[in-house]
Amino acid sequence: QKEVEQDPGPLSVPEGAIVSLNCTYSNSAFQYFMWYRQYSRKGPELLMYTYSSGNKEDGRFTAQVDKSSKYISLFIRDSQPSDSATYLCAAGGSFQKLVFGTGTRLLVSP
Amino acid sequence: SQTIHQWPATLVQPVGSPLSLECTVEGTSNPNLYWYRQAAGRGLQLLFYSVGIGQISSEVPQNLSASRPQDRQFILSSKKLLLSDSGFYLCAWSRTLSEQYFGPGTRLTVT
């Protein structure tokens, strides 16, 4: 079992839709969680950082962590074609390393 | 602000040739540094990480090596490349126990 699991997609939505991206993890020692956006042939870009459980909002993006169910979510409101990318979730604990999901490819059509 | 550089951006090398990829970070001191490889359709595989000059931890047995000759410089090397070394190599930095920031990556094709 992978420590962080993520559906590879692709997930196709029309412009303006609300997008829900999800990950599950198995290691209860994970304390902080991240979402990255990666455009084709580019390095991942940090979108959201969350420590422990709860929600965090930044513009159209909301990150949610439920440690009781080991579930990580990213919501994108009013999705735009420019949001089309691969989204990676990551988790870390009391060590120097992160564990990444394999990424979900999102396609937003105009 | 902090920036991270990688070069070269793309590289085509024959099997058996050596490799040297460089990563430098600006605007911070004593960062944690990481090398990842991303194969097509797969996730990020951590290759090496370093918490200080000369301190390298290897995650995956392979024909690659890493060095950190200066505080903000991280080098990935190989003496003899294999076909399986092809991929997208990413360098990242972080402060202790926090989010990682990635460089633009180097796309390596071994022919």
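Scroll up to find the structure this text is about.
What counts and what doesn't
- Residues numbered from 1 in each chain as written.
- Chains lettered and ligands numbered in written order.
- Predicted model: local features only at pLDDT ≥ 70, side-chain atom pairs only at ≥ 80, totals over all residues.
- Heavy atoms only, no water.
- Helix = DSSP H or I, 4+ residues; strand = E, 2+ residues; numbered from the N terminus.
- Rg over C-alpha atoms; globule rule 2.2 N^0.38 Å.
- Buried < 20%, exposed > 50% of the residue type's maximum accessible area, 1.4 Å probe, protein only.
- Contact = heavy atoms within 4.5 Å.
- Areas by Shrake-Rupley, 256 points an atom, 1.4 Å probe, with all protein chains shown as cover.
- Lys, Arg positive; Asp, Glu negative; His and termini not counted.
- Charge placed at Lys NZ, Arg CZ, Asp CG, Glu CD.
- Salt bridge = Lys/Arg side-chain N within 4 Å of Asp/Glu carboxyl O.
- Pairing = 2+ DSSP bridges.
- Axes fitted to C-alpha atoms, helices over the stretch in contact; angles between N-to-C directions.
- 1 Å grid on protein atoms, 1.4 Å probe; cavity = no way out; pocket = protein on both sides within 12 Å on 5 of 7 lines; lining within 4 Å.
- Points joined across faces, edges and corners; volume = space filled by probe spheres on them.
- Nonpolar A, V, L, I, M, F, W, Y, C, P; charged D, E, K, R; others polar.

J.: So, the overall build of chain A: which residues are in play, and what are the values?
T.: Across its full length, chain A holds zero helices and eleven strands. Starting at the N terminus and walking to the C terminus, you meet the elements of chain A as β-β-β-β-β-β-β-β-β-β-β. Taken against the 2.2 N^0.38 rule, which gives 13 Å for 110 residues, the C-alpha radius of gyration of chain A at 13 Å falls within 12% of a compact globule. Taking all 110 residues of chain A together, 43% fall into the buried category. Restricting to contacts in chain A with at least 6 residues of sequence separation, those with at least 24 account for 54%. Accessible surface for chain A amounts to roughly 5200 Å². Of this, 48% is attributable to carbon and sulfur atoms. Averaged over its 11 positive side-chain charges, chain A has a centre that lies 7 Å from the centre of its 10 negative ones.

J.: I'd love a proper account of the pattern of salt bridges, names of residues and values included.
T.: Residue and element names in this part refer to chain B. What the rule picks out here adds up to six salt bridges over all chains. Asp85 serves as the salt-bridge partner of Arg37, at 3.7 Å between the closest nitrogen and oxygen. Note that Arg37 is positioned in strand β4 (residues 32-38) and Asp85 in the loop between β8 (73-78) and β9 (87-94), a separation of 48 residues in sequence. For Arg37, a relative accessible area of 12% puts it in the buried group.

J.: Describe the sheet that holds β8 of chain B, listing the residues and the values that go with them.
T.: Paired through backbone hydrogen bonds, the strands of a sheet run either parallel or antiparallel to each other. Residue and element names in this part refer to chain B. Here four strands make up an open sheet; going across it, the order is β1-β3-β8-β7 and the pairing antiparallel. Since the sheet does not close on itself, it has two edges, and those belong to β1 (3-7) and β7 (64-70), each with one partner. Strand after strand, the sheet turns through a mean of 20° between neighbouring axes, direction not considered. Taken together, the five bridges between β7 and β8 define a ladder with antiparallel strand orientation. Bridge pairing in β8 places Gln70 opposite Gln73.

J.: Explain the sheet that holds strand β6 (residues 54-58) of chain A residue by residue, including any values.
T.: Residues and elements named next belong to chain A. Taken together, five strands build an open sheet; the order of strands is β1-β3-β8-β7-β6 and the sheet is antiparallel. Edge positions in the sheet fall to β1 (4-6) and β6, since each has one partner strand and no second. For this sheet, the mean angle separating the axes of adjacent strands, direction not counted, is 20°. Inspection of the sheet shows strand β7 (residues 61-66) paired to strand β8 (residues 71-76) by six bridges, in the antiparallel sense. Residue pairing for β8: Asp66 is matched across the bridge by Tyr71.

J.: Run through the layout of surface pockets, naming residues and quoting values.
T.: Within this model, the second largest pocket holds a volume of roughly 360 Å³. Taken together, 17 residues make up the lining of the second largest pocket; nearest its centre are Leu98, Val99 and Phe100 of chain A together with Leu44 and Gln45 of chain B. Of all the elements in the fold, those that place two or more residues in the lining of the second largest pocket are β10 (98-100) of chain A together with β5 (44-52) of chain B. For the lining of the second largest pocket, the residue count by class is eight nonpolar, five polar and four charged.

J.: I'd love a proper account of the environment of Cys91 of chain B, names of residues and values included.
T.: Its location among the elements puts Cys91 of chain B in strand β9. Excluding residues that lie within four positions of it along the chain, Cys91 of chain B makes contacts with Ile4, Gln6, Cys23, Tyr34, Trp35, Tyr101, Phe102 and Gly103 of chain B.

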